[in-house]
Amino acid sequence: MKKINSEQEKERQRLTKEILYWKEKRGALIIAHNYQIPAIQDLADFVGDSLELSQRAAATDARIIVFCGVHFMAESASILSPKKTVLIPDLDAGCSLAASIDATELRKWKKRYPDAVVVSYVNTSAEVKAESDYCCTSTNAVKIVNSIPGNRQILFVPDMFLGDYVAKTTGRKNMIIYPGECHVHARVRPSDITDKMDQHPAAEFLIHPECGCVSSCMHYLASGDIPANKTRILSTGGMIKHARKSPSKEFVVATETGILYRLKKENPQKSFIALRDDMVCRFMKMITLPKLLNSLKNLEFEVKVPKEIADRARIPIERMLKLSK
Ligand code: 13P
Ligand code: SF4
């Protein structure tokens, strides 16, 4: 077993060395989402949540951006920097949530609610963004919705758990919420939270707003059935920041398990436990070292959004970035 591990480690070091060589040669920037595998997080120039990655992609001078994440994230980078080459190491790295609505379906919903302002979660295709008024991420969804006059109806797509969380937090009664969900987060049940609370009474709970338990958790929080000072509903970037500053020593984390690596690496004296070990996004895990190396060597696979779509999709993304400064 030891022998296999040391051989794997050698292979990882060899690939890392080659990737860094090609990265230098290409003048590329490697950015990675918080859910990426440890080897990718370790060699990325920047690791972050959806909002931080789009801000970083918009600000870089690098001519080539290699996006270690999923397809909609690389599309957003390409929309923001149309003159740059944006690469994704595997074109099949999609997102079940983004796939839950397409532009034709959104146009149907817009016809049903012609006066509504469309707010799309960033986990959507470029075509859906092109049909939207605002984008948002889990970091800024409440802020974006609060920036829209209270008398305007809002059509929120596509995550129903995030939509419900935003409606409850803002107190907004005029939000139409599309019934989409992420297969990784939707499976979380309120009993997952209460069972783990019994097992780890001193732990703080960090819960992503895409989780299927979010509405019930908010209800339990309001009724005092779960303690408000120990339960936080946060984006992945919010979890990273909170874990750094919190005096707690133990955290239960309800999101994709890839984030545990960064949480542990940055806070070696604290302990982080997955709410469920099966919260694994197979799309995020499609990005591997050999595929990243191929991407840099052969400039594959370029993510390019047609100009007509990109020009329309840029408007809601830029509105979001402006409100998030
Ligand atoms: P964050 O913006 O919180 O990183 O979330 C992205 C995502 O895909 C969650 O599943
Ligand atoms: Fe999409 Fe869910 Fe994977 Fe996030 S965890 S990228 S929402 S499928």
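Presented here is a report on the structure given in the accompanying data block.

Basis of the calculations
- Residue numbers here run from 1 along each chain, matching the order of that chain's written sequence.
- Naming scheme: in the order in which they are written, chains are lettered from A and ligands are numbered from 1.
- Local features in this predicted model are restricted to residues of pLDDT 70 or higher, and side-chain atom pairs are both shown and tallied only at a pLDDT of 80 or more, whereas totals for entire chains, interfaces and linings draw on every residue.
- With hydrogens and water stripped out, all remaining heavy atoms of the structure feed into the side-chain values.
- The buried label goes to any residue with under 20% of its type's maximum accessible area, the exposed label to any with over 50%, and the partly exposed label to all in between, with areas taken from a 1.4 Å probe on protein chains only.
- Helix and strand labels come from DSSP, where a helix needs a run of H or I of at least four residues and a strand needs a run of E of at least two; each type is numbered from the N terminus.
- When we speak of the arc, we mean the arc of directions from the helix axis to the C-beta atoms.
- Only heavy atoms matter for contacts: two residues are in contact if any of them lie within 4.5 Å across the pair.
- One heavy atom within 4 Å of a molecule or strand is enough for the residue carrying it to be called near that molecule or strand.
- Here a polar contact is taken to be a pair of N or O atoms separated by no more than 3.5 Å, where protein atoms must pair a possible hydrogen donor with a possible acceptor and residues adjacent in sequence count only if both atoms sit in side chains.
- Note on areas: Shrake-Rupley, 1.4 Å probe, and residue coverage restricted to the protein chains presented here.
- Under the scheme applied, nonpolar residues are Ala, Val, Leu, Ile, Met, Phe, Trp, Tyr, Cys and Pro; charged residues are Asp, Glu, Lys and Arg; polar residues are all the others, including Gly.
- Strand pairing follows a simple DSSP-based rule, namely that at least 2 bridges must link the two strands.
- To get an axis, fit a line to the C-alpha atoms, keeping to the stretch in contact for a helix; angles then go from 0 to 180 degrees between the N-to-C directions.

Things to note about helix α5 (residues 103-112)
Within the span of α5, buried status applies to Ala-103, Leu-106 and Trp-109. Buried residues of α5 fall within an arc of 115 degrees about the axis and therefore sit on the same side. Opposite the buried face of α5, by more than 90 degrees, sit the exposed residues Lys-108, Lys-111 and Arg-112. Its buried side turned inward, α5 meets β5 (117-121), α6 (126-130), β7 (154-157) and β8 (175-177).

Examining the site of ligand 1
For ligand 1, the full set of nearby residues is His-33, Tyr-35, Asp-49, Ser-50, Tyr-121, Asn-123, Ser-138, His-185, His-208, Glu-210, Ser-235 and Thr-236. In the model, an oxygen atom of ligand 1 is placed 2.7 Å from a nitrogen or oxygen of the His-33 side chain. In the model, an oxygen atom of ligand 1 is placed 3.1 Å from a nitrogen or oxygen of the Glu-210 side chain. Coverage of ligand 1 by the protein chains reaches 96% of its 300 Å² of free accessible surface. Class assignment for the residues of the shell around ligand 1 results in 2 nonpolar, 8 polar and 2 charged.

Some details on the side chain of His-208
Tracing the chain through its elements places His-208 in the loop between β9 (204-207) and α10 (214-223). With a relative accessible area of 3%, His-208 lands in the buried category. His-208 has contacts with Tyr-35, Tyr-121, Ser-138, His-185, Val-214, Leu-234, Ser-235, Thr-236, Met-239, Ala-254 and Thr-255, leaving out every residue within four places of it along the chain.

Some thoughts on the sheet that holds strand β6 (residues 134-136)
What links the strands of a sheet is backbone hydrogen bonding, and the strands pair in either a parallel or an antiparallel sense. With parallel pairing, the 4 strands of this open sheet are ordered in space as β6-β5-β7-β8. The sheet is open, and its two edges are formed by β6 and β8, each paired on a single side. Pairwise comparison of adjacent strand axes, ignoring direction, gives a mean angle of 25 degrees for this sheet. Examined bridge by bridge, β5 and β6 share 3 bridges and lie parallel to one another. Counterpart to Ser-120 in the pairing with β6 is Cys-135. Running at roughly 165 degrees to β8, helix α8 (residues 160-170) makes contact with β5, β7 and β8 of the sheet.

Focus: the environment of Val-214
Locating Val-214 in the fold gives a position in helix α10. A sequence separation of 185 residues divides Val-214 from Leu-29, and the C-alpha atoms of the two residues are 35 Å apart. Excluding residues that lie within four positions of it along the chain, Val-214 makes contacts with Phe-161, Tyr-165, Ile-207, His-208, Pro-209 and Ile-233.

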